[in-house]
Every structure is written in structure tokens, then in C-alpha cells.
Amino acid sequence: MLPGGHLLSVLIFFPAVGALALLLLRGDDHKFIRIIALIVSLAEFLFSLLVIPKVPIGAAGYHLEEFAKWISQPPINYHLGVDGISLFLVILTTFLTPISVLASWKSIEHRVKEFFVMLLMLEVGVVGVFLSLDLFLFFLFWEVMLIPMALLIGVWGHERRVYAAVKFILYTMAGSIFMLIGIIWLYNATGVATNWTAATFDLPTIQLMLQNGSIVLDQRTEMLLFLAFFVAFAIKVPLFPLHTWLPDAHVEAPTAGSVMLAGVLLKMGTYGMIRFCLPLFPGASHRAAGWVAALAIIGIIYGALVAMVQPNLKKLVAYSSVSHLGFVVLGIFAFHNISMQGAVYQMLAHGISTGALFLLVGMLYDRRHTFEISEYGGLATPMPKLAAFFLFVALSSLGLPMLNGFVGEFLVLLGTYQRHWQWASWAALGVILSACYLLWSYQRVFFGEITQEKNRTLPDISARERWILVTMAVVTLWMGIGSTFITARTAAAAQSVIDEVEPQRPYEAAAPNGFTPHAKRDSSSAAKAISSERLGSR
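Everything quoted here is computed from the prediction, not taken from an experiment.

Rules and cut-offs
- Residues numbered from 1 in each chain as written.
- Predicted model: local features only at pLDDT ≥ 70, side-chain atom pairs only at ≥ 80, totals over all residues.
- Heavy atoms only, no water.
- Buried < 20%, exposed > 50% of the residue type's maximum accessible area, 1.4 Å probe, protein only.
- Helix = DSSP H or I, 4+ residues; strand = E, 2+ residues; numbered from the N terminus.
- Contact = heavy atoms within 4.5 Å.
- Core = buried A, V, L, I, M, F, W, Y, C linked by side-chain atoms within 4.5 Å.
- Pairing = 2+ DSSP bridges.
- Phe/Tyr/Trp six-rings, centres within 6.5 Å; stacked < 30°, edge-to-face > 60°.
- Lys NZ or Arg CZ within 6 Å of the ring centre and 35° of its normal.
- Patch = residues over 30% accessible without salt bridge, like charges linked within 9 Å, V, L, I, M, F, W, Y side chains within 5 Å.
- Areas by Shrake-Rupley, 256 points an atom, 1.4 Å probe, with all protein chains shown as cover.
- Salt bridge = Lys/Arg side-chain N within 4 Å of Asp/Glu carboxyl O.

## Let's talk about helix α9 (residues 245-252)
Because the α-helix completes a turn every 3.6 residues, residues three or four places apart line up on one side. Counting buried residues in α9 gives eight out of eight residues, a clear majority hidden from the surface. Buried within α9 we find Trp-245, Leu-246, Pro-247, Asp-248, Ala-249, His-250, Val-251 and Glu-252. Residues of α9 that are buried in the fold lie against α5 (135-156), α6 (161-193), α8 (219-236), α10 (255-280), α12 (313-332) and α13 (337-368).

In C-alpha cells:
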């Protein structure tokens, strides 16, 4: 066990303890079940905030590491760690979970206990993915996440829920198979390199062996391994043309399922690209960058154009995710610190903005039981508060300055432009198109004449819904104004990834106060020393 205690383990397994507590309750005690689920998810969020001071500004490498032997043969270790990139993704997960609990307070009426158990177990899997530093442990949590999400869609979804759940499982499992092959290949490579005396699934150790030449990959092998991981992550993003499962999953999922799916599950794909594809396979990442950027740009423009012609409001928001996540992938494969930080920031901003959009769409559905835009119109008159919140969130999603969506897209385009101005020029079209489909959909839903008599008497937001939307709006505004709180903590981790891919490049981002590149190198050296010590101990 390395210094740092058990905080990361608590973050992973505390929701599982809460889920077990729910299983012990009577199934018909719905109010108590909801209260317990809310208390557990709020406590988990507070625990995640304790990690922030443990990740110093300007320090690369992993913090709060936990390392213990788990399975002796093959050697699988319980290895956890957090850095500036995974820190805020964990906090995003723990923030959206209590929001999802509140959003499901009234809308989930059957199998209430099982629903909240699945929601908490989903949190276990996602947090575990972001904190795992052992490849096998990462794969385990990756699969743990799959089951609760599929059940949330298949049991509590809408009319075509079973079709959407099966499609989600098939796509994700197909990618997981490729990733598992890549993990096993790397494990065998470490065994060959050490005469099977120190074969390992440990991510920092494998990275070190690749860097010091203990494992040598020819170009073809490196590209095949890169693709094995990349395809799994591209499906999860989802990157064009592997995106077709997403609209069905979003439309059929309950509101909480859509919030968690858009808010954090999609980010597992882009996180995997940052954590695995670039550091483990830098040469293949460079050779594939042009093709990946092309797919990202196509996804940005295609997703926006398809969203623009959608008659279904929830499917429109779903296709907007395809467009916005294209910016993240583009920022990652521009190999620039600014674009990398923009990619991380866009992941967080998208989780808040698009999660809020799905919450608002769910509130409309609870009142009218339809997602068809043609069934709405003129709602600003009977529902002025919901209309105001919808406009605020739509403006944040399209990238209005002072709100969270602007920061991420601006940093991605700025960093990408410094490396490939053509990529940034094409991607900028997505910013324009997002304004078109979001504002046009808002106009059709909330303005104009009321054509459906049912819409005249729709109730405005309740006190519970107001608290949800105010919380999301405050976070949206804070992220737009106080962005340096996040970027100061992601800069060193982003540069560390860039150094793995292009070690000769100078430090590109402005250093935060009290931080110098020497501090980053010292921290990186310390992390490598820890990995070397582990490698030697085996």
C-alpha cells in the first residue's frame, strides 16, 4: 500500500455499500428507498471533493495511489491512482448521480428499489474506470458499468427499450473484445521481456517498459494494438461512424439514464484515448492522427446537421453529443497542451450542459409524454421558468462566452489551430451549426402559437425541479467564469501525456502560479521511480 490511505477505495465501493443497504429494504417503501439513495449519492459527492487538495497544482503523476496484490497467477494487482485528468471526471460522476436520483424522484414508479440499486452500481463501475491503473482492473470496471446501464435502458426505458439496450450491449461488447485482446497481448509482452518473472498488467509499469525499450513494438504491431484499444474507446465516445447506438439508447433511456450516459459514460471513451492510446502507442497515435481528426471533424459537422433536421427533441440532443464529443477527440489528437486541456474541459462542460438538456427534456416528457417537437410550441407562456432555464442551458451548450461550453471549445480550437489550422477551420463550422439547431429547436418548442390545447395548462417547474436546475445553472456559470480552477489542475497532467507522445516538445501551456516545468519533471520522475521499484520487486 502506497501513501494516501483508502480514499479512492471508499470512492469506488461506498455506492456499492449503499446499493446493498437498499437491497435490504422492503420493495414497497419507496420514499425511504429514495431518501437513502439520495443520502448515499450526496455523501459520495462530498467524499470526491476531498480528493481535490490531494492533487497539487502543477504536479504530474498519480496521487493517492493504492497498490495491493490481488490475484497471484496471473499477477493482477489492485492498483488505483488519480491525476489532474481523472480527478474532475470522478467529481463529475459523483455530482451527476445525486442529480439523477432527484430527477427520478417522481418519474420512476415501478421497481423503485432495483432502479436506484442499478444507478448506484453504475456509479461504482464508472468511478472504478477512472481510478484504475491495472489493465485487468480497468477492464473489470469497464464491464461492471455495462450491466447497470443496459438494465436502466431495458427495464425502465420507453417503447423500444429492449432493442436499444441490446444494441448498446452488442456495440460495447464488440469493442471490449478488441480491448481485451490488446490487454492480453501487452501482458504476454511483459512476460517475454522479463522471462515471465515479472509479467504484469500494471499500467505505469508497462508504460515504463515501453519507454526504456524493455518492450519493443514494430510499427505494424503497435498500430494493431493501438486500434484494439482505440476501437473500443471510439465506440464508447461514440466517434463517427460508430455512433449509431447512441441515439437509440438516449431516446429509449429514462431521464437519469440519459443524464449518466451523456454526462459520464461517453467520457470513458475519450478518457481511454488519453490514458491508454497516446502514452502506450505514441508512434501509432501520430500515424493515425490525421485519420482520427478527419473522423472527428466529420462527426462534428454530421452530428450537427443531423441534429438540425430531427423531429424528436431527445434525439436532437443525442446527436448534439456526437458533434460535441468530436471536439474532444480532435483536441486529443492535435497533440498540443492547450487542445488537450480543452478536450478535458469540454468533457466536463458537455457532461453538465448536455446532462441539463436531458433533464429539461425529461421534465417536458413528464408533462406531455412525447418527445416530438411538433407537439410543443408556445410553452414559454405557461412555463416561463422552464423556458428560461432551457434557454440558459442551450446557450451554454452552443458555446456562449462566460458559460462552460465556450471554454472547452475555444481551447480545443486554439490548440488545434497552432498545430493544424485546417482542422480547426473545419471544426469551427460545428460551433456555428450548434447555434442553428439549438436556437431553432428552442424557438419551435417555446415560442409561436400554442397549437395543442394540452399545452395551455402545463404546470411550470416544481420546487424539486427548480433545485435541480438552479444547481446545474450555478455550476455552468461557475465553470465559465472560474475555469482556471480546473485548467490549473489539468495542465501538468495534460503536458505529461504530450511528453509521452512527443518528448522533445517544450512545455506549451502557461504555467500556473508557483509551478515550473522542473516541478513537473520531478513529479514524473518520482512516478517512474515508483514503477521501477515495483518492476524490480517482481
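## Digging into the nonpolar core
Nonpolar side chains tend toward joint burial in soluble globular proteins. Judged by nonpolar contacts, the single largest core of 192 residues is most densely connected at Leu-265, Phe-333 and Leu-364. Per-element tally for this core: the top contributor is α13, with 18 residues.

## Considerations on the pairing of strand β2 (residues 76-82)
Within β2, seven of the seven residues are buried, which leaves the element mostly enclosed by the surrounding structure. A two-sided burial pattern is seen for β2, the buried positions comprising Ile-76, Tyr-78, Leu-80 and Val-82 on one face and Asn-77, His-79 and Gly-81 on the other. Where strand β1 (residues 63-71) meets β2, six bridges bridge the pair, whose relative direction is antiparallel. Within the sheet, the bridge partner assigned to Ile-71 lies in β2 and is Ile-76. What sits between the antiparallel neighbours β1 and β2 is a turn of four residues.

## Structural notes on the packing of aromatic side chains
The relative placement of two aromatic rings is captured by the distance of their centres and the angle of their planes. For the coordinates displayed, the defined rule picks out 30 aromatic pairs. Judged by centre distance (5.3 Å) and plane angle (90°), the rings of Phe-14 and Phe-47 are edge-to-face. Here Phe-14, found in helix α1 (residues 7-23), pairs with Phe-47, found in helix α2 (residues 30-49); they are 33 residues apart in sequence, far enough to count as distant. By relative accessible area, which is 28% here, Phe-47 ends up partly exposed. Centroid distance Phe-390 to Phe-446: 5.1 Å. Interplanar angle 55°. Geometry classified as tilted. On the criterion of sequence distance, the pair formed by Phe-390 in helix α14 (residues 384-397) and Phe-446 in helix α16 (residues 421-446) is long-range, its members being 56 residues apart. For the residue pair Phe-390 and Phe-446, the accessibility class agrees, reading buried in each case. Here the aromatic residues Phe-138, Trp-142, Phe-229, Phe-233, Phe-276 and Phe-281 are joined through ring pairs into a cluster of three or more. Positioned over the ring face of Trp-440 is Arg-444, at 3.8 Å from the centre of the ring. One residue, Arg-489, lies across the ring of Phe-485, its end atom 4.0 Å from the ring centre.

## Describing a nonpolar patch on the surface
On the surface, Leu-20, Leu-23 and Leu-24 cluster together into a nonpolar patch covering about 340 Å² of accessible area. Assignment of secondary structure puts Leu-24 in the loop between α1 and α2. A relative accessible area of 70% places Leu-24 in the exposed class.

## A closer look at the side chain of Gln-346
Counting through the fold element by element, Gln-346 comes out in helix α13. The exposure class assigned to Gln-346 is buried, which follows from its relative accessible area of 2%. Ignoring any residue separated from it by four or fewer positions in sequence, one finds Gln-346 in contact with His-324, Val-328, Gly-405, Gly-408 and Glu-409.

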